[in-house]
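# Notes for the structure review
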Amino acid sequence: MKILVPVKQVATVDEDCEMREDGKDVDLDYLDYELNEWDEYSWEEAVRLKETHGNEVEIVPVTVGPESAEDGLRRCLAKGGERAIRVWDDALEASDPIAVARVLAKLVQRENADLVLAGTLSSDHGFAATGVAVAGLLGWAHAAVVSQLNISPGTARITLRRELEEGLEEEITVRCPAVLTIQLGINEPRYASLRGIKQAKAKPLEVLSHSDLGLDDTEVGESGSLSRVRRMFAPERGQAELIEGTAAEQASRIAEIIKEATGGLQ
Amino acid sequence: MSEIMVVAEHRRGELTPATFEVIAAAVELKQANDMTVTVVVLAQDPSDFGGQVSVAGVDKVVNATVSVSEFQNDIYETVIDAMIDTRKPSVVLLSHSIDAWGYAPALAVRRQCGFTTDVFELRYDGDNLVATRAAYSEKMHVELDFPGKDTVLITLRGNIFKPIEETSTPLVTSFEVPTIEARTEHIGFIEPDSTGDVDITQAESMLSIGRGVAEEDNVEQFAELADAMGFTLGCSRPIADSGWLPKSRQVGQSGKTVSNCNVYLAFGISGSVQHMAGMKHVPNIIAVNTDAEASIFTIARYGVVADMFDIAEELKNHFV
């Protein structure tokens, strides 16, 4: 059983950032990257499957992103897996989640994978769309927001739980092959060992372009997307009234506010 | 006149509250642009819901009888796809709900229609539909359009559009559902384990802790402080995921919405979109965080940029 795990680097913007000249995104210089939190959980789930089933399972982290995105792949490889794949070229700029999903679906076909474990969403843009779009492109069964998972390699159906609103969960079975999107809290992601981090540096990392995957220019980037960015802007945001002073003064003021708001209730 | 199609959503025999917000958004868009609103209901017996979705401004209700009582992604994808073929709506609106996450992207790639998610503002600029959503963890907003797309599929953020109270008598028709192979099967629901614990949705005053608490051993002092203050103890997702507090104490999208809360004292919570969805409506939010840039300060009434442990220690003296 081969499991592909798409991961991504998420960006946080610095305060006082500047926009790119075309006004459609933040200037790259003002972005900091780290591995998407959800992807820590989907990768951990894959690593555990590998540990349980040994040679029956192969796990491969993949990403669509520039060279800097290799940090995320190495972070995964430090915990498990023997190789990784990154897809990037200039034509992939301005891809929306659907255009990214097109690349991932081609990778799944090229690798002949049986299962995709994706993060439910990403903390920067939060579309919650890429994984299920990959399933749609492949024509595979899928389940989103998976909070508990039991897989035996070679099984025809997977039994799992999905997390719904307000703490409710649903148990379902899903036919294989499938794309599952993984929710936070499904496991406790491990820390990489120093030895693992060192070994990860030597593991093969294949780099591909969209044309290597048989995609033409119109299928990726803005023309392969189902939406187009008109402009990006910093919204007017609310700002809390700051309570200044020493900790003792701040606490007194908090107590005062609370007593006022609760009508002296304690 | 072009059509806005709304997909009603229900679970365990009840329409979701978000369905009414989506209908409200559709009616608002209709009124500004001379369109029509059609609500589609997929259910074993759609007439269970027909009356309820007949909100003022809804022109038509289309019922589709399906084989399952609960949501199934292949059925929703296939039926809505067939309905779009027949009805050719300009806009299809869904709630940005867990169920929609489970089929909207697959439907979008099947149709190659315009698509985006978690939208909180919709308008037309000439003939172009413009959708606004957040980016970079809410620090930025983005306007999107969908050039060349006859149909645009959008999921809408919750708690933005206000449900309409008035009712109407729309034209009700039914839709013949194609044959569908469902590749997932619903086995059952699992209730959150809250046996014997407090119901935080009833709490009027809450003290909530987040990642800033750092260690399980530190939870107890905040539990004691909450107790001394007469506040109910809550938390953000990482605390519940770590098992430091029961899931029933989690505030947010996947936890609870603290609908009766008047004072919310947040210690070490940076304010993810998901957490804020469950508490941003609270009138008196006091946030304590070391990071002056934390998102929670944009929705809090009062902010304290300080070490949460120092403040908690001092606060004890006021509530003994």
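Residues numbered from 1 in each chain as written. Chains lettered and ligands numbered in written order. Predicted model: local features only at pLDDT ≥ 70, side-chain atom pairs only at ≥ 80, totals over all residues. Heavy atoms only, no water.

## Some details on the interface of chain B and chain A
Contact with chain B, which involves 92 residues of that partner, is made by 83 residues of chain A. Area buried by chain B at its contact with chain A is led by B:Tyr136, B:Arg183 and B:Ile190, which between them contribute 11% of it. A:Arg175 serves as the salt-bridge partner of B:Glu181, at 3.1 Å between the closest nitrogen and oxygen. At the junction of chain B and chain A, the tally comes to 43 residue pairs in polar contact (both at pLDDT 80 or more). With 7 residues, strand 13 (residues 184–190) of chain B is the single largest residue contributor to the side of chain B that touches chain A. For the side of chain B that touches chain A, the per-class residue count stands at 39 nonpolar, 28 polar and 25 charged. Relative to strand 13 of chain B, strand 9 (residues 169–175) of chain A runs antiparallel, the two sharing 6 bridges. Across the sheet, A:Glu169 pairs through a bridge with B:Ile190, a residue of strand 13 of chain B. (Contact = heavy atoms within 4.5 Å. Buried area = accessible area lost by both parts, 1.4 Å probe. Salt bridge = Lys/Arg side-chain N within 4 Å of Asp/Glu carboxyl O. Polar contact = N/O pair within 3.5 Å; in protein donor to acceptor, adjacent residues only side chain to side chain. Helix = DSSP H or I, 4+ residues; strand = E, 2+ residues; numbered from the N terminus. Nonpolar A, V, L, I, M, F, W, Y, C, P; charged D, E, K, R; others polar. Pairing = 2+ DSSP bridges.)

## Describing the side chain of B:Glu70
Residue and element names in this part refer to chain B. Inspection of the secondary structure puts Glu-70 in the loop between strand 5 (60–65) and helix 3 (73–87). Although Glu-70 is buried, it makes no salt bridge; Arg-11 carries the closest opposite charge, 5.4 Å away. At a separation of 3.0 Å, a polar atom in the side chain of Glu-70 contacts the main-chain amide nitrogen of Arg-12. Residues contacting Glu-70, with those up to four places away along its chain left out, are His-10, Arg-11, Arg-12, Gly-13, His-186 and Phe-189. (Buried < 20%, exposed > 50% of the residue type's maximum accessible area, 1.4 Å probe, protein only. Lys, Arg positive; Asp, Glu negative; His and termini not counted.)

## Looking at the packing of aromatic side chains
Evaluated as defined, the whole model comprises 5 aromatic pairs over all chains. For the ring pair B:Phe71 and B:Tyr76, a centre distance of 5.0 Å and an interplane angle of 50 degrees mean the geometry is tilted. Judged by its relative accessible area of 5%, B:Tyr76 is buried. With a centroid separation of 5.7 Å and 65 degrees between ring planes, the pair formed by B:Phe222 and B:Phe309 is classed as edge-to-face. One end of the pair, B:Phe222, is in helix 6 (residues 219–229); the other, B:Phe309, is in helix 9 (residues 308–316), with 87 residues separating them in the sequence. Note on B:Phe222: relative accessible area 0%, which makes it buried. Under the relative-accessibility criterion, B:Phe309 is labelled partly exposed at 24%. Taken together through their ring pairs, the aromatic side chains of B:Phe71, B:Tyr76 and B:Tyr103 make up a single cluster. A cation over an aromatic ring shows up here: A:Arg231 above the ring of A:Phe233, its NZ or CZ 4.1 Å from the ring centre. (Phe/Tyr/Trp six-rings, centres within 6.5 Å; stacked < 30°, edge-to-face > 60°. Lys NZ or Arg CZ within 6 Å of the ring centre and 35° of its normal.)

## Side note on the sheet that holds strand 9 (residues 128–135) of chain B
Ordered by their spatial adjacency, 4 strands build an open sheet running 12(A)-10(B)-9(B)-8(B), and the pairing between neighbours is antiparallel. For this open sheet the edge positions go to strand 12 (228–233) of chain A together with strand 8 (121–125) of chain B, each flanked by a neighbour on one side alone. Pairwise comparison of adjacent strand axes, ignoring direction, gives a mean angle of 30 degrees for this sheet. Two elements, strand 12 of chain A and strand 10 (residues 140–145) of chain B, share 5 bridges in a ladder whose sense is antiparallel. Within strand 10 of chain B, the position partnered with A:Val229 by the bridge is B:Leu144. (Axes fitted to C-alpha atoms, helices over the stretch in contact; angles between N-to-C directions.)

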